[in-house]
Amino acid sequence: METATITDLQELCGKSLDSLPAPLLAGSSVKSFPDATFRFVLARGISFEFSESNVLRSVHCYSGVEKPFARYKGGGLPAGLTLGLKGWAVVGRYGDTSKKGGGKIPVWLEYPHLGFQLSFQGSSWEDQNNVIVSMCIFIPEGNVKDFRRGAAKECFGVRECSVCLKPIKEAKVFCPSCKLVFYCSEECRSQHAKSHGKLCVGGAV
Ligand SMILES: [Zn+2]
Ligand SMILES: [Zn+2]
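Thresholds applied
Residues numbered from 1 in each chain as written. Chains lettered and ligands numbered in written order. Predicted model: local features only at pLDDT ≥ 70, side-chain atom pairs only at ≥ 80, totals over all residues. Helix = DSSP H or I, 4+ residues; strand = E, 2+ residues; numbered from the N terminus. Rg over C-alpha atoms; globule rule 2.2 N^0.38 Å. Buried ≥ 20, exposed ≤ 12 C-beta atoms within 10 Å, placed from the backbone. Contact = placed C-beta atoms within 7 Å. Domains from an automatic or database assignment. Arc of directions from axis to C-beta. Core = buried A, V, L, I, M, F, W, Y, C linked by C-beta atoms within 7 Å. Pairing = 2+ DSSP bridges.

### Description of the overall build of the protein chain
Right, on to step 1. When helices and strands are counted, the protein chain shows four helices and ten strands.
Right, on to step 2. Each helix (α) and strand (β) of the protein chain, taken in turn from the N terminus, gives the series α-β-β-β-β-α-β-β-β-β-α-β-β-α.
Right, on to step 3. Expected size for 205 residues packed as a compact globule is a radius of gyration near 17 Å; at 17 Å, the protein chain falls within 12% of this value.
Right, on to step 4. The principal-axis extents of the C-alpha atoms in the protein chain amount to approximately 50 × 40 × 30 Å.
Right, on to step 5. The buried share of the protein chain, reckoned over its 205 residues, is 37%.

Written out as structure tokens, the structure is:
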């Protein structure tokens, strides 16, 4: 069964197990933990994390570089994400974030306002070609989605500048093309413009 019919994996988050389309979980295996239950579909490279009350918390999509998951080939990834995006290109596209780890453990980056976390294979920050192993997709903080659709005049939920990581009170400076990346000032925007320019997904999503 194809997963390509799923329009947006973030829209599924927050829904109960019973209300999810049956083909989504076809062929899944279940693994329970004290505070969560995972449903894995290895052959489709996707897994689903449910809360104790069977509400979908997050969706995980795998790039296929690490077993036993196949590469996820369905649609519905948020913010123009692609599993083949590498290392520094991620920061070029989405900016920097204070929610990250690496060095002694494999690199991970989280973008709460965009609703996803990326886990990489290697642990080095210097590795420009570090490959994505998996992405965890969840409900974004704030209203970037509505803002991008033009349904909201002001954007809430963006906490920090994508360049200097300084806290942002009001998200007024952003990339006008993708409206995914927010800055504290025009200075930070122009600083990011060079690496962001060719990676911007404006128009594509
Ligand atoms: Zn800044
Ligand atoms: Zn952009």
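Next comes the rest of the write-up.
### A closer look at the environment of Ala-70
Right, on to step 1. Of note, Ala-70 is situated in the loop between strand 4 (56-62) and helix 2 (87-94).
Right, on to step 2. For Ala-70 and Ile-168, which are 98 residues apart along the polypeptide, the C-alpha to C-alpha distance reads 39 Å.
Right, on to step 3. Setting aside residues up to four positions removed in sequence, Ala-70 forms contacts with Leu-42, Ala-43, Arg-44, Gly-45 and Gly-64.

### What to know about the domain arrangement of the protein chain
Right, on to step 1. On domain assignment, one finds that the protein chain holds domain 1 (3-137) and domain 2 (144-197).
Right, on to step 2. For domain 1 and domain 2, the distance between their C-alpha centres works out to 23 Å.

### Observations concerning helix 2
Right, on to step 1. For helix 2, every residue scored as buried is listed here: Gly-87, Val-90, Arg-93 and Tyr-94. Seen end-on, helix 2 carries its buried residues on one side only, within an arc spanning 140°.
Right, on to step 2. With its phi angle positive at about 85°, Gly-95 sits one or two positions after the end of helix 2.

### Brief notes about the nonpolar core
Right, on to step 1. The biggest cluster of nonpolar side chains holds 46 residues, and the ones touching the most others in it are Cys-61, Phe-116 and Leu-180.
Right, on to step 2. A domain-level breakdown of this core finds at least three residues from each of domain 1 (3-137) and domain 2 (144-197).
Right, on to step 3. Those residues in contact with Leu-180 that lie beyond four places of it in its chain are Ala-79, Tyr-94, Leu-114, Val-144 and Cys-175.

### Observations regarding the sheet that holds strand 4
Right, on to step 1. The strand order 1-2-3-4-8-7-6-5 describes an open sheet built from eight strands, whose pairing is antiparallel. The sheet is open, and its two borders are formed by strand 1 (29-33) and strand 5 (100-101), each paired with just one other strand.
Right, on to step 2. Bridge count between strand 7 (residues 116-120) and strand 8 (residues 132-137): five bridges; the pairing is antiparallel. Paired with Ser-119 across the strands is Ser-134, a residue of strand 8.

### Section: helix 4 (residues 186-197)
Right, on to step 1. Within helix 4, the full set of buried residues consists of Cys-188, Arg-189, His-192 and His-196. Down the axis of helix 4, the smallest arc covering the buried residues is 90°, so these residues share one side. The exposed residues of helix 4 that point more than 90 degrees off its buried face are Glu-186, Ser-190, Ala-193, Lys-194 and Gly-197.

### Considerations on the environment of Ser-63
Right, on to step 1. Looking at where Ser-63 falls in the secondary structure, it is placed in the loop between strand 4 and helix 2.
Right, on to step 2. Between the alpha carbons of Ser-63 and Val-133 there is a distance of 5.3 Å; along the sequence they are 70 residues apart.

### What to know about the pairing of strand 8
Right, on to step 1. Where burial is concerned, most of strand 8 is hidden: five out of the six residues are buried.
Right, on to step 2. In this sheet, strand 8 lies alongside strand 4 in antiparallel orientation, the contact comprising four bridges. By the bridge assignment, His-60 is partnered in strand 8 with Cys-136.

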